[in-house]
Every structure is written in structure tokens, then in C-alpha cells.
Amino acid sequence: MAGDRLSLVFGALADPIRRAILTRLTEGDATVAEIAAPFSVSQPAISRHLKVLEQAGLISRTRRATARLSHLDAEPLREVTTWLARYQRFWDESHERLDELLAALQGEGKDESGRDNAVLAKGTDDG
Amino acid sequence: MGKTQITAEPGIPQIIITREFDAARDLVFRAYTDPELVVQWLGPRDLTMTIDQYDVRDGGKWRYVSTDAAGNEYGFHGVFHGTPSPDGIVQTFEFEGMPGHVSLDTLTLEEQGGRTLARSVSTFQSVEDRDGMVASGMEGGVHESHERLTELLAKLQAG
């Protein structure tokens with residue numbers, strides 16, 4: 001199910017080193033040694049991170065001669081992007097509408113003293 | 001105008017939404033608590049929102065239904081905890097499509113020079129609940145967005 005995959009992907013992304021590894025792999029495939037170079041972490045530790053990324057479907061690994069190359073698989077990340085984009089759209093659009101409403105209320109609010117009925121009437125006519 | 005900032009950290013069952021509005025705090029508070037105003041802005045434009053009840057007081061219940069163009073209905077409800085004020089609106093939130101999965105939402109409004117910063121923190125029962133909520137609860141009238149892989153990675157990197 002998509003939900004389970006999302007959990008795996010989020011679990012894999014929860015670690016800053018693993019996120020850095022993914023960023024490195026956007027530049028191209030790399031060996032464990034190349035991936036480990038910028039980190040003060042041992043190669044076996046990097047290998048463990050690669051395994052987690054592989055299980056989440058975020059990378060695949062191939063053998064070329066003696067080196068093992070890691071390759072970024074973007075598809076699960078697209079799922080995550082879509083996931084966030086939906087939520088983002090909900091709130092972006094709500095807040096844009098709230099901007100408009102607040103502007104309308106402020107326009108009406110100048111000469112208003114008591115309850116807000118005049119304001120409410122104004123606000124409804126653009127929906 | 002402001003830009004809606006959404007933070008959903010991997011591994012932490014929370015979503016934080018911040019947004020600045022060009023209005024005084026009391027007015028923003030009214031827009032969040034007066035049901036006649038809430039229906040005018042909450043949710044995407046292609047959904048119609050109907051408020052069932054919106055009893056803004058300690059222990060008061062709220063419930064609304066969003067309807068999309070195809071007639072699908074999405075119900076949401078919860079309870080206010082404590083007396084809502086511009087300093088804090090605390091409420092539970094439950095999507096009726098996922099009963100029993102409840103989040104606790106806290107909204108605070110902070111005024112800075114006539115503008116108001118709204119900050120909402122939603123805390124879910126688990127990371128899975130948060131992900132499920134976002135994946136299914138906000139689905140009505142969805143457009144596909146651009147896939148910005150490297151931007152996402154940069155964001156994750158910074159976070």
C-alpha cells in the first residue's frame with residue numbers, strides 16, 4: 001500500500017546522513033568510498049545507511065567491476081512531494097481566501113461600531 | 001502577501017503551519033472563530049463548506065462538511081479545549097473518513113506592527129497517522145503538482 005511505502009520512505013529520510021547521501025546521488029551514481037568521503041563516518045556505517053535507503057526503494061545498487069555503485073531512484077520521493085503538495089495546496093488556497101476576507105473586513109470595519117452583520121454580508125458575496 | 005510555510009519533519013508526528021496576514025490580531029481571530037467567516041475561507045475554492053456546529057468555548061463542539069464538485073462529502077469534527085483567545089485556540093481535529101485518528105491543534109496569533117503571524121501546530125497520535133491524514137484527508141479536488149525533486153532534497157537537507 002502507498003501508506004506503508006510512505007512510512008518506509010519517511011523512516012529512511014529521518015536521518016540527516018541519509019538525506020545528505022541522497023543529495024550526493026542527485027549528482028550521479030557513486031561508490032561507497034565516494035559517498036563516505038565527505039563524512040566523518042566509517043564506510044561500514046555508510047553501507048548500513050545505504051541498506052536502509054535501498055529497502056525504502058530510494059536507491060538501487062549495481063556491481064561494476066569491483067566497485068558497487070549506488071543509484072538514486074526518484075519515484076518514492078515523487079510520492080512524498082505529491083503528498084506534501086496536496087496539503088500545501090489546501091492551506092495556500094485557504095490562506096489566500098483569508099487574505100481576501102481580511103481585506104474586505106478591514107474595508108468595512110472603519111465605520112462599524114457594534115456587531116459584524118454588515119461585514120458578514122459583504123464577505124459572502126464573492127463566494 | 002505572506003507565504004504559507006508548512007513544516008512536516010520526517011519521524012516527528014507533527015505538522016507546523018505558519019502564515020503572516022496583513023491584519024490586526026483581533027480581526028484574524030474573528031476570521032478563525034466566527035463560523036460565518038470560517039466558511040468563507042477554509043478549504044480550497046472548489047470545495048463547498050457547510051458548518052454544522054461551531055461552538056467556540058471550552059468544551060464546545062465543532063463540525064463541518066466539505067463537498068466537492070462531484071458531490072463527495074468530507075466531514076470533520078472536534079472539540080475546543082480551554083477558552084479560545086488570540087493567545088491560543090486549542091482543539092481536537094478528526095477526519096470522519098479516518099475515525100479514531102485524532103490530532104490536537106494549537107493556533108497562536110502574534111501581532112507585529114499591524115500584521116499577524118498565525119502559527120498552527122498539529123500533533124498526531126503517530127507519524128503514520130500524520131502521513132495518513134495528509135494523504136487521504138485533504139484529497140478533495142486535488143491537482144497534481146510539479147515534481148521538484150531537488151528542491152525537496154534541499155529542503156530535507158536544510159531541515
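For the structure itself, look to the data block above.
Rules used in this analysis
Residues numbered from 1 in each chain as written. Chains lettered and ligands numbered in written order. Predicted model: local features only at pLDDT ≥ 70, side-chain atom pairs only at ≥ 80, totals over all residues. Helix = DSSP H or I, 4+ residues; strand = E, 2+ residues; numbered from the N terminus. Buried ≥ 20, exposed ≤ 12 C-beta atoms within 10 Å, placed from the backbone. Contact = placed C-beta atoms within 7 Å. Core = buried A, V, L, I, M, F, W, Y, C linked by C-beta atoms within 7 Å. Pairing = 2+ DSSP bridges. Axes fitted to C-alpha atoms, helices over the stretch in contact; angles between N-to-C directions. Expected span 1.5 Å × (residues − 1). Arc of directions from axis to C-beta.

Caption draft 1: Summary view of the overall build of chain A. When helices and strands are counted, chain A shows six helices and three strands. If you list the helices and strands of chain A from N to C, you get α-α-β-α-α-β-β-α-α. Evaluated residue by residue, chain A yields a buried proportion of 29% over its 127 residues. Within chain A, counting contacts between residues at least 6 apart in sequence, those at least 24 apart form 47% of the total.

Caption draft 2: Quick look at the overall build of chain B. When helices and strands are tallied, chain B shows four helices and eight strands. Residues classed as buried in chain B amount to 28% of the 159 residues present. Contacts in chain B between residues at least 24 apart in sequence constitute 39% of all its contacts with a sequence separation of at least 6.

Caption draft 3: The environment of G132 of chain B, seen in detail. All names here are of chain B. As for its placement among the helices and strands, G132 is situated in helix α3 (residues 127–137). The class of G132 is partly exposed, set by 19 C-beta atoms lying within 10 Å. Here the alpha-carbon distance between G132 and M98, two residues 34 residues apart in the chain, equals 8.7 Å.

Caption draft 4: Highlighting the nonpolar core. Among the nonpolar cores identified, the biggest contains 24 residues, and L101 and L102 of chain A together with V28, A31 and Y32 of chain B are the most heavily contacted of them. When contributions to this core are tallied by element, the ones reaching two or more residues are α5 (75–109) of chain A together with α1 (25–33), α2 (35–38), β4 (61–67) and β7 (102–112) of chain B. Beyond its immediate sequence surroundings of up to four residues, A31 of chain B is in contact with L98, L101 and L102 of chain A together with L37 and W41 of chain B. Counting residues in hydrophobic clusters, the runner-up holds 19 residues, among them L6, V9 and I35 of chain A together with V127 of chain B.

Caption draft 5: Examining the sheet that holds strand β1 (residues 30–31) of chain A more closely. Residue and element names in this part refer to chain A. Within the open sheet, the three strands sit side by side as β1-β3-β2. Their pairing is antiparallel. The two strands at the open ends of the sheet, each matched to only one other strand, are β1 and β2 (59–64). The sheet contact formed by β2 and strand β3 (residues 67–72) spans six bridges and is antiparallel. Residue pairing for β3: R61 is matched across the bridge by S70. Along the sheet, helix α2 (residues 16–25) makes contact with β1, β2 and β3, crossing β3 at roughly 90 degrees. Along the sheet, helix α4 (residues 43–55) contacts β2 and β3; its crossing angle with β2, the most-contacted strand, is approximately 120 degrees.

Caption draft 6: Spatial organisation of the environment of L109 of chain B. Residue and element names in this part refer to chain B. Along the chain, L109 turns up in strand β7. In this structure, the C-alpha to C-alpha distance between L109 and I89, residues 20 residues apart in sequence, is 9.1 Å. Once residues lying within four places of it in the same chain are set aside, the contact partners of L109 are R25, V28, F29, P86, T116 and A118.

Caption draft 7: α4 of chain A, seen in detail. Residues and elements named next belong to chain A. Relative to the 18 Å expected for 13 residues at 1.5 Å per residue, α4 spans 18 Å between its end C-alpha atoms, a close match to the ideal helical length. Considered for burial, the residues of α4 that qualify are I46, H49, L50 and L53. Buried residues in α4, looked at end-on, bunch into an arc of 105 degrees, giving them a common side. Across α4 from its buried face, at more than 90 degrees, point the exposed residues P44, A45, K51 and Q55. Once α4 ends, the next one or two residues include G57, with phi positive near 80 degrees.

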